[in-house]
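The residues making up each chain are set out below.
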Amino acid sequence: MTADIAAILAVDGIATGAIYVLIALGFVLIFAVTRVIFVPFGDIAAFTALTVAALELKQVPGTVGLVAALAVLATLVEVVSLLRARSPGRIPKALVFYLVLPLAAAGAVWLTAGHALPMALRIVLSLVLILPVAPLLDRIVYRPIADASVLLLLTVSMALHFALVGLGLLFFGPEGVRTETLTDATFEFGSVFVPGQTVMIVGAALLFSALLYLFFEFTLTGKALHATAINRTGARLMGIRPERAGTIAYLLGSLLAGVSGILIAPVNTIFYDSGFLIGLKAFVGAIIGGLVSFPVTALGSVLVGLLESFASFQSSAYKEVIVFSILIPVLLWRSYTTVHSEEDTEE
Amino acid sequence: MALLAIEDFSVSYGKAEAVRSVSVEVEKGRIATVIGPNGAGKTSLLNAAIGLLPASGRVIYDGEDISRLDVEQRVEMGFCLVPERRELFGEMSVEDNLRLGAYSHRRAHAQNKRSLDEIYDRFPRLMERRRQAAGTLSGGERQMLALGRALMARPKLLMLDEPSLGLAPLITREILATLPSLCENGVSILLVEQNARAALETADFGYVMETGDIVRSGPADALIHDPMLITTYLGGHG
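The sections below set out a description of the structure shown in this document.

Criteria and cut-off values
- Residues numbered from 1 in each chain as written.
- Chains lettered and ligands numbered in written order.
- Predicted model: local features only at pLDDT ≥ 70, side-chain atom pairs only at ≥ 80, totals over all residues.
- Heavy atoms only, no water.
- Helix = DSSP H or I, 4+ residues; strand = E, 2+ residues; numbered from the N terminus.
- Rg over C-alpha atoms; globule rule 2.2 N^0.38 Å.
- Buried < 20%, exposed > 50% of the residue type's maximum accessible area, 1.4 Å probe, protein only.
- Salt bridge = Lys/Arg side-chain N within 4 Å of Asp/Glu carboxyl O.
- Contact = heavy atoms within 4.5 Å.
- Buried area = accessible area lost by both parts, 1.4 Å probe.
- Polar contact = N/O pair within 3.5 Å; in protein donor to acceptor, adjacent residues only side chain to side chain.
- Nonpolar A, V, L, I, M, F, W, Y, C, P; charged D, E, K, R; others polar.
- Pairing = 2+ DSSP bridges.
- Axes fitted to C-alpha atoms, helices over the stretch in contact; angles between N-to-C directions.
- Patch = residues over 30% accessible without salt bridge, like charges linked within 9 Å, V, L, I, M, F, W, Y side chains within 5 Å.
- Areas by Shrake-Rupley, 256 points an atom, 1.4 Å probe, with all protein chains shown as cover.
- Core = buried A, V, L, I, M, F, W, Y, C linked by side-chain atoms within 4.5 Å.

**Examining the overall build of chain B**
Link 1 in the chain: A tally of regular secondary structure across chain B gives 10 helices and 10 strands.
Link 2 in the chain: Taking 18 Å as the expected radius of gyration for a compact globule of 238 residues, we find that chain B reaches 17 Å, a close match to that expectation.
Link 3 in the chain: If one aligns the C-alpha atoms of chain B with their principal axes, the spans along those axes are about 45 × 40 × 35 Å.
Link 4 in the chain: A burial count over chain B gives 53% of its 238 residues as buried.

**Points about the pattern of salt bridges**
Side chains that carry opposite charge are capable of pairing whenever their charged atoms lie near each other.
Link 1 in the chain: A complete count under the given rule lists 28 salt bridges over all chains for this structure.
Link 2 in the chain: When the shortest N-O distance is used, the salt bridge between Lys281(A) and Glu308(A) registers 3.2 Å. Of this pair, Lys281(A) sits in helix H12 (residues 275–288) while Glu308(A) sits in helix H13 (residues 294–314), and the two are 27 residues apart along the sequence. Taken individually, Lys281(A) and Glu308(A) each receive the classification buried, so the pair is uniform in this respect.
Link 3 in the chain: For Asp62(B), the salt bridge identified is with Lys156(B), shortest N-O distance 3.1 Å. Highlighted residues: Asp62(B) in the loop between strand E4 (56–61) and strand E5 (64–65) and Lys156(B) in the loop between helix H6 (139–151) and strand E7 (157–161), separated in sequence by 94 residues.
Link 4 in the chain: Lys156(B) gets classed as partly exposed once you look at its relative accessible area, which sits at 37%.
Link 5 in the chain: Here the salt bridges do not stand alone but share partners, grouping Arg90(A), Arg236(A), Arg241(A), Asp70(B), Glu72(B) and Glu76(B) into one network.

**Remarks on the interface of chain B and chain A**
In many reports, interface size means the accessible area that the parts give up when they come together.
Link 1 in the chain: At the junction of the two partners, chain B supplies 26 residues and chain A supplies 23 residues.
Link 2 in the chain: Summing both partners gives a buried area of about 2,400 Å² for chain B against chain A, and 58% of it is carried by carbon and sulfur.
Link 3 in the chain: The three residues of chain B that bury the most area against chain A are Glu72(B), Phe89(B) and Tyr103(B), which together make up 27% of that side's buried surface.
Link 4 in the chain: Taken together, chain B and chain A are joined by 6 salt bridges.
Link 5 in the chain: In this structure, Lys223(A) and Asp96(B) form a salt bridge, with 3.1 Å as the shortest nitrogen-oxygen distance.
Link 6 in the chain: Counting across the interface, chain B meets chain A through 5 residue pairs in polar contact (both at pLDDT 80 or more).
Link 7 in the chain: Contributions of two or more residues to the side of chain B that touches chain A are made by helix H2 (71–76) and helix H3 (94–101) of chain B.
Link 8 in the chain: Among the elements that line the side of chain B that touches chain A, the one with the most residues is H2(B), at 5 residues.
Link 9 in the chain: Taken together, the residues of the side of chain B that touches chain A break down into 11 nonpolar, 4 polar and 11 charged.

**Side note on the pairing of strand E2 (residues 192–195) of chain A**
Link 1 in the chain: Only one face of E2(A) is buried, namely the one carrying Val192(A) and Val194(A), since none of Phe193(A) and Pro195(A) on the opposite face is buried.
Link 2 in the chain: Here strand E1 (residues 186–189) of chain A folds back onto E2(A), and the loop between the two strands holds 2 residues, one of which, Gly190(A), carries a positive phi near 65°.

**Concerning the sheet that holds strand E9 (residues 205–210) of chain B**
All names here are of chain B.
Link 1 in the chain: Overall, mixed pairing links the 6 strands, which are arranged E6-E7-E8-E3-E9-E10 in an open sheet. In the strand order of this sheet, the two ends are held by strand E6 (79–82) and strand E10 (213–219), each with one partner. If you compare each strand with its neighbour and ignore which way they point, the axes differ by 15° on average.
Link 2 in the chain: Bridging between E6 and E7 involves 4 bridges; their strand directions are parallel. Opposite Phe79, over in E7, you have Leu157 as the bridge partner.
Link 3 in the chain: In the packing of helix H7 (residues 169–184) onto the sheet, contacts are made with strand E3 (31–35), E7 and strand E8 (188–193), and the angle to E8 comes to roughly 160°.

**Quick word on a nonpolar patch on the surface**
All names here are of chain A.
Link 1 in the chain: Together, Leu207, Leu211, Tyr213, Leu214 and Phe218 give the surface a local cluster of nonpolar side chains, amounting to about 550 Å² of exposed area.
Link 2 in the chain: Within the secondary structure layout, Leu211 lies in helix H8 (residues 196–218).
Link 3 in the chain: Judged by relative accessible area, Leu211 falls into the partly exposed class, the value being 43%.

**Here's the deal with the sheet that holds strand E2 (residues 16–26) of chain B**
Sheet strands line up and pair through hydrogen bonds in the backbone, either parallel or antiparallel.
Residue and element names in this part refer to chain B.
Link 1 in the chain: Strand order in the open sheet formed by 4 strands is E2-E1-E4-E5, and the pairing between neighbours is antiparallel. If you trace the sheet from one side to the other, it starts and ends with E2 and E5, each paired once.
Link 2 in the chain: As paired strands, strand E1 (residues 4–13) and E2 are joined by 7 bridges and run antiparallel to one another. Bridge pairing in E2 places Ala5 opposite Glu25.

**A few points about the nonpolar core**
Link 1 in the chain: Membership of the largest hydrophobic core comes to 93 residues, with the highest contact counts inside it found for Phe38(A), Leu225(A) and Ile270(A).
Link 2 in the chain: Counting residues per element, this core draws most heavily on helix H1 (residues 3–34) of chain A, at 14 residues.
Link 3 in the chain: With sequence-adjacent residues up to four places away left out, Leu225(A) is seen in contact with Leu29(A), Val33(A), Phe215(A), Phe216(A), Ala245(A), Ile248(A) and Ala249(A).
Link 4 in the chain: One finds Phe79(B), Leu137(B), Leu182(B) and Val208(B) within the second-largest nonpolar core, a separate group that totals 88 residues.

**Details of the pairing of E7(B)**
Residue and element names in this part refer to chain B.
Link 1 in the chain: The buried count for E7 comes to 5 of 5 residues, which makes it a mostly enclosed element.
Link 2 in the chain: What you see with E7 is no split at all: Leu157, Met159 and Asp161 on one side and Leu158 and Leu160 on the other are buried throughout.
Link 3 in the chain: Across 5 bridges, E7 lies against E8 in parallel orientation. Along E8, the bridge assignment pairs Met159 with Leu190.

Given below as structure tokens:
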């Protein structure tokens, strides 16, 4: 391997890693606040890509039907539980949140789908449409079992992932898509040419990591999310609703996954089931960060990207094997070095 | 009329009844205390009153039945608990803990700033350590922080669960001494304590709880001279 090839592989690896960073940060965010390992996260990224692709072709994306169906289901679940709790006064607010807002997003996309829209608007519409999916799934699937063990929540996540892949096939069909490139510019650093798309991917990862940092460091809502992650009972006694904190975490996580889906779609062909592998590799990055540390997670995800890039050059057939086998030393290292805190055993 | 009336309250864990049809009242601007040995059901009583545990019976707060409301709604009404385990946000700074205390009325920025200054005036130690992580504080400082964080919510009724737990007698006195001044500012208090003497010296009215039942109640200065309490809880020299 020459230095030139190494440089190209490194650039490629960093770009792939940056995609994983976005998804892995979402994993950590959601796990910290809700204790759910949200396996379908990669699916959210893939569905966003498929939505953008459908809008490019002036078709109504399958996401419209998916969001509408989930919204109706979530609303039913919420209304029934509010009636059971004998607090019908909270139904109007629930209707706005679970029915009106998601249907407004779906309606907006449905009405505009046939027209030629500028690329920026297509991207914004796709993101707005994908955002409700995870919070609605949270309401339908996770909230009724919020006090269950982490293992049970993970099992449910796996099941939910397979359900979503099935729904993906139903709503999007089996064809793979590749979207228009976001930019045709190339940059030259020394002897290495870097496509503009790569620069955008890395830039987006940096931007959203920075925004996430600012959110947690400087806003009371961010601190409330962090507080919920540290001590649920303490947070409730301050009037912080864990369900609300969870919804915000799902929304933020979906935004990250959606952005990564949009960035990856022009580089890789995305199918209805492409999300799993992307999500799983990002998950390796999140595990390196112990599902708690945002900075270590980001570094770990870049490492996974680099490893994948170099592995595919050395031995393309084994690249997944090589990437996933670093999990073993990482897990050994983590289990020897992590001090198990009181909170882990408590719930 | 009492600000808080807990009526015919029962709490059970499976088949074991921790609290058996207990009734407790707190008058506006006063301190009521529930004393009793370990395992009498005092903590269960408070946790159920705030809504963390399911219970049968009624909680009347400010003339309104709040038994069906969830914890967060009770907190928003100015009904707050400083729990036995403190439940601080250990990795976060002292100041962040205090700021989160005001989460239930987070839009009142100017007023929250004033509350923060008042709490730093009351507990200068917290001011000194405001950038430190809450988890690194000493026992007394943690209790001050837990109390300060609850005061940030500007409670009308504050329930304190064993504020003396694990603290040196001198620090316990320091913390209990702040309670009457809170009452002057319009806070009513329900204090749960094992340290019966310190609690009765601070409170206006007292309840004695044993294995889930209230076995005695009366004005605090009468209870403190009650011969039965002197032998069991007050260490003989009354």
